[in-house]
Each structure stands twice: as C-alpha cells, then as structure tokens.
Amino acid sequence: MDKLKLGLIGLGRMGQKYAEIIDSSVKNASLLAVCSIHDKELDFAKYKLDVPYTFRNHKQLLELNELDAVMVLSSTVEHARHMTDALNAGFHVFCEKPLALSVEDCKKVIQVADSKPSQLAIVGFNRRFDKSYAYAKQKIAEGLIGKPFLVRSQTVDKDSQVGFQQNYVQKSGGIFMDYNAHDIDLARWYLDSEFHSVYALGGSYKHQVFEQMNDADNVLTVGRMRNNAMVQIIASRTAAHGHDTYCEITGTEGVLRIGRPAGKNLVEIYDKNGARREIVDTFLERFEESFVHQTQSFVDHVIKGKKMSVTLKDALEATRVGVAMTKSFMLKKEIVIDR
Ligand SMILES: NC(=O)c1ccc[n+]([C@@H]2O[C@H](COP(=O)([O-])OP(=O)(O)OC[C@H]3O[C@@H](n4cnc5c(N)ncnc54)[C@H](O)[C@@H]3O)[C@@H](O)[C@H]2O)c1
C-alpha cells in the first residue's frame, strides 16, 4: 500500500480541519469518504473538497471496500461505538481524544483492538506532535533538567468560545474530560509515571450556565504521581486575552517552559498602547501544525505496518484520571485512583 484512502466519521470543527489538512498537507493519503449527521457539513466536503462519498450513517461509510483507514472525529459520546464498529469492519483507526467517557467503555474498545493486532488503533494527543512539546520531551530524555518532579499544565480558552461550549458540554464529558485530557497525558508523558491521586476545585465564576450543567468554567487540579512527582492542572473557558495553552516542567537541574511568554509568534508590537504580543484566538490556530504532523504520522505508520508510540493505554489513563478529577470536583474531596 503506497497511498492511503481515508474515511472521516465526524465533520464538525475537527473533522473539517482534518479534511482540509488531508486535502492540502498530508503525503500519501487521500480523502475518500466522510460522514456527518449534518447535511451542511457534507456539502462542505462534497463541494469544497470534492470528496467522492458522503454519508449520514457511519455504517454506510464502513461498507466501502476501497477504504484503508478511518478517523473518528465525531462527538466524544460516540467515539467508543464508532471506533469499535470501524475496528470490527477491518480498518486501521485513529480516534480523537478522549477515547470514551468511562473506563469501562475504554476497556471494551481496547479488548476489540487487542483482538485485531494487524490493525493500528490510536487516540490523538496532538500536543505530543507539537514541535515545542516534543522538543521538551527530547530535552528531558537527554537529562537537561535532571529528574522532573513537577508538571504545571493548562488549557485556557478565550471567553468568546463560551457560546459554542454551552452546547458542547453534554457531548464532550465536561471540562476535565474535554479540556484537561491533554494536560493529563502530558503529565504522564513528561513525568514517566501514573497518577496516584487528584484533588480538584473549581466553579462557574463567570457563566452560571455551566454550574446548571454540573460543570464549571474554571478548574484547578492538584495531583500526585505514583513516583511522588507533583502535578498542577488548570482549565479555563473565560480568558479575556485569547487561547493560552502552557506547560512547565521542573526538574532537579532546571525548568522547561512551553508557551511563555504567551504569543501568536515572535513579534512584539510597540505602539501607543504600549509594548505587547498578540495571542492566538483558538487551539486550531495554535496547534494546526501538530494536527498535520499527527495525521502524517498515522498515515506513515499504517503504510509501513508499524505501531505508534502513543497507545490506547494512554487514552485509557487519560479517561481514568479525567473521571477521577470530575468525581473529586463533585464530591469536594481527594480521590485515590483505582486500577
Ligand atoms: N485534539 C484537540 O485539541 C481537540 C480539539 C477539539 C475537539 N477535539 C475532539 O474532537 C472531537 C470532535 O470535536 P468537534 O469540536 O469537531 O465537535 P463538533 O460538535 O464540531 O462535531 C461533531 C461531529 O460529529 C458528528 N456526529 C455526531 N454524532 C454522530 C453520529 N451518530 N454519526 C455520525 N456523525 C456524528 C457531527 O455530525 C459532527 O460532524 C471531540 O471528541 C473532541 O474531544 C479534540
């Protein structure tokens, strides 16, 4: 196989971004089919990108014999079902994070994936494919900061996204599962250990509507890893200044900071308002390049028949810790994580 024919299930914010990326920036792949429950999104694929097949039901897409691999980019509540069906139909599958909203559902998908070892099955933690986050990992591996013992990581969205997020909460599992899945994964990746326990705080400080949905607009979690390293994780839906993703890793011999000072690029503006940097509006702008690298990596690994370093076990752990953080927030107490 030298060129991969891809099918996408889900064509919303992420699906459309991946469709454009495959169309313009990914080598050795083409977009054969897409599926969405919204006709407008299917029209985007049909008329803007000339995608040959469009479906409203994912099972019809999975019947296409010409297809090689499937990307599950649907609402989080649908991931486990779509991934299981795609694996059972014989395809290599990439699934956006999180794999599922419960540990039990993650384990069921993993059981199916384990029974099909020749099919690649992964979940997207795109920050691992961002140049700066990957560079930090390399520096840690080289011993530059000694032994890492503290990760502080945040996912902070601009307040202007709140309208979208209000409708999104019920499908995404809430702020810990949705926003902090990446921060959990980074803490595990950089500290090379699993979470032992978490204590989460937060509330709806600006938008009461999130409290009515048992969610929050700003949250803070303190965690302890099994190797005794410390973690501090933040998520916010209410930043005035922009999308502000940040991570800091402290080790016995130094500190690595990713995303400081916050900025869209390296340009500083000096004018009548003072000296400043502009900042990105959304994660799509900040992480565009990482989505390209991640998709290219998935395609290359499928073509070469190789496994990827990120696994479904990583996805299981992100869900396990996200569930514990949500529970800690609701019960207002520390949660020791069962395994
Ligand atoms: N890696 C990241 O940084 C990142 C960022 C945003 C979202 N995500 C993840 O990507 C996924 C999609 O998010 P989004 O923001 O694009 O959501 P969205 O609401 O914009 O789009 C959801 C899509 O799923 C489709 N869909 C829903 N139910 C379906 C069904 N039963 N059958 C077929 N299609 C169905 C919809 O038609 C729509 O196209 C989520 O799981 C989310 O967690 C990841």
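Residues numbered from 1 in each chain as written. Predicted model: local features only at pLDDT ≥ 70, side-chain atom pairs only at ≥ 80, totals over all residues. Heavy atoms only, no water.

The next thing to look at is the overall build of the chain. The helix and strand tally for the chain stands at 12 helices and 15 strands. Within the chain, the proportion of its 339 residues that are buried is 55%. When contacts within the chain are restricted to residue pairs at least 6 apart in sequence, those whose partners lie at least 24 apart make up 71%. Counting only carbon and sulfur atoms, one obtains 49% of the accessible surface of the chain, whose full area is about 15700 Å². (Helix = DSSP H or I, 4+ residues; strand = E, 2+ residues; numbered from the N terminus. Buried < 20%, exposed > 50% of the residue type's maximum accessible area, 1.4 Å probe, protein only. Contact = heavy atoms within 4.5 Å. Areas by Shrake-Rupley, 256 points an atom, 1.4 Å probe, with all protein chains shown as cover.)

Below, the discussion takes up the pairing of strand β1 (residues 4–9). In terms of burial, β1 is largely enclosed, as five of its six residues are buried. Relative to strand β4 (residues 69–72), β1 is paired through four bridges, and the arrangement is parallel. Directly across from G7, in β4, lies its bridge partner V70. (Pairing = 2+ DSSP bridges.)

Moving on, we come to the site of the ligand. The environment of the ligand is formed by 28 residues, the closest being L11, M14, E41, T76 and H79. Between the ligand and S74, the relevant distance is 3.4 Å, taken from an oxygen atom to a main-chain nitrogen or oxygen of the residue. T76 is positioned such that a nitrogen or oxygen atom in its side chain is 2.7 Å from an oxygen atom of the ligand. In the complex, the protein chains occlude 92% of the 850 Å² of accessible area that the ligand would expose alone. If you map the ligand onto the pockets, it falls in the largest pocket. Every element with two or more residues in the shell around the ligand is listed here: α1 (13–24), α4 (79–88), α7 (162–172) and α11 (283–304). The dominant element in the shell around the ligand, judged by the number of residues it contributes, is α4, at three residues. (Near = heavy atom within 4 Å. Polar contact = N/O pair within 3.5 Å; in protein donor to acceptor, adjacent residues only side chain to side chain. 1 Å grid on protein atoms, 1.4 Å probe; cavity = no way out; pocket = protein on both sides within 12 Å on 5 of 7 lines; lining within 4 Å. Sits in = over half its atoms within 2 Å of the grid points.)

Within the open sheet, the seven strands sit side by side as β12-β11-β7-β10-β9-β8-β15. Their pairing is mixed. The two strands at the open ends of the sheet, each matched to only one other strand, are β12 (254–258) and β15 (335–336). Bridging between strand β11 (residues 246–251) and β12 involves five bridges; their strand directions are antiparallel. Bridging across to β12, G251 finds its partner in G254. Packing of helix α9 (residues 181–191) onto the sheet brings it into contact with β7 (148–158), β8 (195–203), β9 (218–225), β10 (230–239), β11 and β12, and relative to β7 it is tilted by some 160°. (Axes fitted to C-alpha atoms, helices over the stretch in contact; angles between N-to-C directions.)

For the chain, the assigned domains read domain 1 (4–124) and domain 2 (130–285 + 318–336). Across the boundary between the two partners, domain 1 contributes 14 residues, which contact 16 residues of domain 2. Buried surface at the junction of domain 1 and domain 2, both sides included, amounts to about 1300 Å², of which 63% is carbon and sulfur. Across the domain 1-domain 2 interface, the total number found is one salt bridge. The closest approach of N and O atoms between K97 and D178, which form a salt bridge, is 3.0 Å. Here domain 1 and domain 2 share five residue pairs in polar contact (both at pLDDT 80 or more) between them. Contributions of two or more residues to the side of domain 1 that touches domain 2 are made by α1 and α5 (103–114). In terms of residue count, α1 provides more of the side of domain 1 that touches domain 2 than any other element does, three residues in total. Split into classes, the residues belonging to the side of domain 1 that touches domain 2 amount to eight nonpolar, three polar and three charged. (Domains from an automatic or database assignment. Buried area = accessible area lost by both parts, 1.4 Å probe. Salt bridge = Lys/Arg side-chain N within 4 Å of Asp/Glu carboxyl O. Nonpolar A, V, L, I, M, F, W, Y, C, P; charged D, E, K, R; others polar.)

A word on the nonpolar core. L6, L8, M71, Y190, F195, I249 and F298 are the most contacted members of the largest nonpolar core, which totals 68 residues. If you tally residues by element for this core, the top one is α11, at eight residues. Among the domains, domain 1 (4–124) and domain 2 (130–285 + 318–336) are the pair contributing at least three residues each to this core. With residues near it in sequence (within four places) discarded, F298 still touches L6, A69, V70, M71, H92, V93, F94, L120, I122 and M308. Within the second largest apolar cluster, 35 residues are counted, among which are L32, L64, L87 and F91. (Core = buried A, V, L, I, M, F, W, Y, C linked by side-chain atoms within 4.5 Å.)

Another point: the packing of helix α6 (residues 131–141) against α9. In a pair of packed helices, the angle between the axes and the distance between the axes together describe the arrangement. Running from amino to carboxyl end, α6 crosses α9 at an angle of 25°, the nearest separation of the two axes being 10 Å. Compared by their axis directions, α6 and α9 come out roughly parallel. Of the residues in α9, those touching α6 at Y133, A134, A136, K137 and I140 are L186, W189 and Y190. For the contact of α6 with α9, the per-class residue count stands at seven nonpolar, no polar and one charged. (Parallel < 35°, antiparallel > 145°, perpendicular 65-115°, else oblique.)

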